[in-house]
Amino acid sequence: MTDKRIKHSIPDVRWPTEAEAAASLWFSPTHVGRLPVEQRTWVPAMVPWRATEDGFVTPEVLDWYARFAEGRPGVLVVEATGIRDIASGPLLRIGDDRFIPGLRQLVETVRERSDGHTRLFIQILDFLTVRRRPEPATFFARYLGISARLRERLARALADERWLIAAEPDVRARLAGAERPLVETVLDERELESLDYGYRERVWDTHWPWIRDLPRVLPALFAEAARRARDAGFDGVELHYAHAYTMASFLSRLNDRADDYGGSRENRVRLPREALAAVRQRVGHDYVVGIRYLGDDVVAGGSRIDDATFYGVEFAAAGADYLSVSKGGRFEDARQPKIGEAVYPYTGVSGYECMPTVLGDERGPFGRNVPLAAAIRHAVREAGHRTPIVTSGGIHSFEQAEGILRRGEADFVAAARQTLADPDWFRKIRLGLGHDVRRCQFTNYCEGLDQRHKQVTCKLWDREVAPGEDGIRMAADGKRRLGPPAWRPPAAS
Ligand SMILES: Cc1cc2nc3c(=O)[nH]c(=O)nc-3n(C[C@H](O)[C@H](O)[C@H](O)COP(=O)(O)O)c2cc1C
Ligand code: SF4
């Protein structure tokens with residue numbers, strides 16, 4: 001994106017008749033691996049912040065997926081779910097067998113509410129530590145390490161050698177009271193980042209043993225999580241290798257680890273491949289294992305489409321059952337958070353590219369990422385693999401999705417926000433009722449809620465309560481309904 005000046009309107013579209021929809025590619029059956037799928041419609045992962053504080057499925061989580069299931073997409077992917085058994089706030093977790101019963105209930109709910117029409121996958125992820133932006137006083141008093149190098153810089157800046165041996169509390173107090181230029185002179189780049197944005201780990205911080213050891217621990221963690229997904233009854237598992245998280249960072253050109261897992265493309269893809277192999281070995285060859293990853297990191301120095309096509313061919317050759325292509329969503333260009341908040345990877349240009357809005361450059365948000373999927377598909381086909389490619393980003397209409405499939409740019413067309421705006425939209429279109437679709441405005445109210453880790457809803461329906469409507473589940477703030485009003489087809493179908 002170059003600038004952010006043009007406000008695009010939601011295009012007028014022609015919706016198909018029931019017969020046209022029945023004859024379309026988007027609503028035609030296909031396979032993922034050996035798994036038959038009824039349609040090429042797809043709902044990609046969306047975190048709604050509805051799990052318990054310790055990562056369990058709640059009635060609100062069940063409702064969220066039940067509502068998507070009623071629209072009967074071909075594939076529904078459950079939100080990013082943590083593979084480690086560590087506190088992660090209200091993010092779903094799959095890092096221990098105690099999470100399986102709740103996840104099994106989720107599988108049963110989707111099966112029942114989609115009447116068996118929808119295939120259900122779960123996205124599994126690992127992420128590194130990101131702390132909230134600290135109060136400067138707390139940072140200087142507690143978090144900043146007082147090293148010999150820091151003392152040297154302070155002594156030099158103040159032309160006073162006493163700082164080389166001064167008591168640590170005095171060094172801390174001096175820096176806490178220092179003017180900004182002195183702070184910038186004394187702190188190194190990472191220390192300044194920790195002060196201004198909050199402490200954040202990188203996969204190339206190999207001076208930390210737990211980061212150095214990631215290649216040793218991650219394949220088994222992914223494999224066990226995938227085994228739990230299979231035990232819970234999911235139709236497949238999606239390895240989250242996209243956006244700001246651990247595996248995307250291994251794949252990124254920014255990864256300059258000096259061991260076998262950084263530097264060259266071949267090294268950067270090694271751990272993601274090893275994790276895929278471990279998962280495959282654990283769940284068997286007849287179970288769907290897909291990958292979501294970036295067609296372009298967007299941030300300076302990050303991976304580009306030539307890296308992504310290379311990775312696509314590698315993953316296909318290693319037996320991935322599908323490749324779901326996303327874009328951006330990185331920490332490196334994220335906006336500075338407020339004190340007490342954590343940096344959020346969808347606030348910079350790379351965030352815009354991940355979830356583009358109507359306020360943008362001349363290209364607009366609609367289908368913006370399709371060329372990346374098309375290039376990856378082309379490379380994967382050239383290499384002799386039939387691996388399906390999923391595209392997403394600004395998909396809002398039947399015509400658009402059908403065109404993408406007809407031109408061979410992707411094999412599945414996914415929609416996140418349009419499906420949040422109207423979970424029934426696939427079913428409405430399939431029944432020739434496209435004119436009833438509640439159309440996403442692509443202004444990212446939902447993403448704003450996600451950013452604050454508030455229960456995600458859509459502005460088009462979260463205040464709409466019909467007179468007499470009861471039993472509505474409301475958000476914790478008491479102001480918003482958590483799911484859209486029910487919709488039933490006019491006649492039984
Ligand atoms: C509220 C919200 C939560 C999201 N959570 C995830 C996630 O857990 N994993 C993921 O890969 N993408 C996530 N995304 C990104 C979407 O899957 C999708 O790639 C993006 O919204 C662009 O597609 P769209 O234009 O159809 O919305 C999320 C998007 C939204 C709006
Ligand atoms: S809140 Fe806005 S961007 Fe999000 S789904 Fe609803 S209409 Fe679309």
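Residues numbered from 1 in each chain as written. Chains lettered and ligands numbered in written order. Predicted model: local features only at pLDDT ≥ 70, side-chain atom pairs only at ≥ 80, totals over all residues.

*Asks:* How do you make sense of the site of ligand 2 when you look at a structure like this?
*Replies:* Taken together, the neighbourhood of ligand 2 is formed by 13 residues, with Arg-417, Cys-440, Tyr-445, Cys-446 and Cys-458 sitting nearest. Those elements giving two or more residues to the shell around ligand 2 turn out to be helix 18 (417–421) and helix 20 (445–451). The residue inventory of the shell around ligand 2, partitioned by class, reads eight nonpolar, three polar and two charged. (Near = placed C-beta within 6 Å. Helix = DSSP H or I, 4+ residues; strand = E, 2+ residues; numbered from the N terminus. Nonpolar A, V, L, I, M, F, W, Y, C, P; charged D, E, K, R; others polar.)

*Asks:* Any chance you could explain the domain arrangement of the protein chain here in plain terms?
*Replies:* Accessible area lost upon the coming together of the parts is a frequently used measure of interface size. Splitting the protein chain by domain gives domain 1 (6–130 + 206–451) and domain 2 (136–196). Summarising the inter-unit geometry, the C-alpha centres of domain 1 and domain 2 are found 42 Å apart. (Domains from an automatic or database assignment.)

*Asks:* In this structure, what is going on with unusual backbone geometry? I would like to understand it.
*Replies:* Among all residues save glycine, negative phi is the norm, and among peptide bonds the norm is trans. Phi angles above zero are rare outside glycine, and Trp-49 is one such case at about 55 degrees. Inspection of the secondary structure assignment puts Trp-49 in the loop between strand 4 (41–43) and helix 2 (59–70). A positive phi angle is found at Val-298, which is not glycine, with a value near 75 degrees. For Val-298, the position within the fold is in the loop between strand 8 (288–294) and helix 14 (305–317).

*Asks:* For this particular structure, what's the right way to read the site of ligand 1?
*Replies:* Surveying the vicinity of ligand 1 reveals 25 residues, the closest of which are Pro-44, Ala-45, Ala-80, Ala-416 and Arg-417. Sorting the residues of the shell around ligand 1 by element identifies strand 5 (75–82), helix 18 and helix 20 as the ones contributing at least two each. The leading source of residues in the shell around ligand 1 is helix 20, at three residues. Residues belonging to the shell around ligand 1 are distributed by class as follows: 13 nonpolar, seven polar and five charged.

*Asks:* Is there a simple way to think about the sheet that holds strand 5 in this case?
*Replies:* The sheet built from eight strands closes into a barrel, its strands ordered 4-5-6-7-8-9-11-12 with parallel pairing. Going across the sheet, the axis of each strand differs from the next one's by a mean of 25 degrees, ignoring polarity. Bridge count for strand 6 (residues 119–125) against strand 7 (residues 236–241) is four bridges, and the pairing is parallel. The partner of Ile-124 across the bridge, within strand 7, is Leu-239. (Pairing = 2+ DSSP bridges. Axes fitted to C-alpha atoms, helices over the stretch in contact; angles between N-to-C directions.)

*Asks:* Please clarify how the pairing of strand 8 should be interpreted in this entry.
*Replies:* One face of the sheet, then the other: side chains in a regular strand alternate in exactly this way. A large share of strand 8 lies buried, amounting to seven of its seven residues. The alternating pattern of strand 8 places Val-288, Gly-290, Arg-292 and Leu-294 on one face and Val-289, Ile-291 and Tyr-293 on the opposite face, and all of these are buried. As paired elements, strand 7 and strand 8 share six bridges and run parallel to each other. Residue pairing across strands places His-240 opposite Arg-292, the latter belonging to strand 8. Bridge count for strand 8 against strand 9 (residues 322–326) is five bridges, and the pairing is parallel. Paired with Gly-290 across the strands is Tyr-322, a residue of strand 9. Remark: the strand 8/helix 14/strand 9 crossover connection has right-handed handedness. (Buried ≥ 20, exposed ≤ 12 C-beta atoms within 10 Å, placed from the backbone. Right-handed = clockwise from strand over helix to strand, strands pointing away.)

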